Amino acid sequence: MTSITDWAAFSLAEPELAEVVEKRFGDFTHHVLATLRRDGSPRTTGIEVRFLDGDLWLGMMPGSLKARDLLRDPRFNLQANPGPGMGMGGGDVRIAGRAVPVEDGEARSRYVGEVSPPDPDAFHLFRVDLTEVVRVSVENDEYMVVQTWKPGEPLRSVRRT
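Calculation rules
Residues numbered from 1 in each chain as written. Predicted model: local features only at pLDDT ≥ 70, side-chain atom pairs only at ≥ 80, totals over all residues. Heavy atoms only, no water. Helix = DSSP H or I, 4+ residues; strand = E, 2+ residues; numbered from the N terminus. Rg over C-alpha atoms; globule rule 2.2 N^0.38 Å. Buried < 20%, exposed > 50% of the residue type's maximum accessible area, 1.4 Å probe, protein only. Contact = heavy atoms within 4.5 Å. Areas by Shrake-Rupley, 256 points an atom, 1.4 Å probe, with all protein chains shown as cover. Pairing = 2+ DSSP bridges.

I keep staring at the overall build of the chain and nothing clicks. Help me out?
In terms of helices and strands, the chain carries four helices and nine strands. The C-alpha atoms of the chain give 16 Å as radius of gyration, which agrees with the globular expectation for 161 residues (15 Å, within 12%). If one aligns the C-alpha atoms of the chain with their principal axes, the spans along those axes are about 50 × 35 × 35 Å. For the chain, buried positions account for 37% of its 161 residues. Residue pairs in contact within the chain that sit at least 24 positions apart in sequence constitute 58% of those at least 6 positions apart. When the accessible surface of the chain is summed, it comes to about 9,100 Å², and 50% of that surface belongs to carbon and sulfur atoms.

Just to check I follow, could you spell out the pairing of strand β8 (residues 143–149) for this structure?
Strand residues, when the strand is regular, have side chains that alternate between the two faces of the sheet. For β8, the tally of buried residues reaches five of seven residues, placing the bulk of the element in the interior. Looking at chain direction, strand β7 (residues 124–139) and β8 are connected through seven bridges and run antiparallel. Bridging across to β8, Val134 finds its partner in Thr148. In textbook terms, the turn of a hairpin is the stretch between consecutive antiparallel strands, and for β7 and β8 this stretch comprises three residues, one of which, Asn140, has a positive phi near 55 degrees. Taken together, the five bridges between β8 and strand β9 (residues 156–160) define a ladder with antiparallel strand orientation. The residue bridging Val146 from the neighbouring strand is Val158, located in β9.

Here you go:
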């Protein structure tokens with residue numbers, strides 16, 4: 001079984017990659033979340049994400065399909081918005097993991113204080129446990145560089161022409 005970790009542990013293990021990933025997610029508000037439907041097929045939906053208190057958080061409207069998917073099967077993949085045009089400034093960034101429901105009143109209150117959801121009393125909140133972080137970028141207009149990090153493993157970088 002793959003070990004799981006939180007954002008703070010990832011940031012300590014790979015601070016440069018963590019900084020790039022946070023920036024890519026911070027550059028735009030809306031990103032793409034992939035979850036698993038009841039029948040096992042993929043569902044992609046838009047989502048806003050937050051990096052707060054050493055964790056990556058996913059907040060969702062009550063009863064949303066993506067929240068129901070995650071409550072049934074916590075596995076997900078999250079892709080940062082690539083932005084306009086072909087530039088992909090900072091590269092293509094993806095995070096895979098497991099969404100952990102948060103019911104703790106104090107954690108939810110801190111999230112509400114930072115994010116101000118439409119209904120602070122009724123929303124789904126998940127903390128992310130990471131299973132993989134991937135960044136694909138272009139180096140010197142010559143190489144495609146794929147960086148892959150998994151908990152308990154060193155960062156792997158592959159350059160392709």
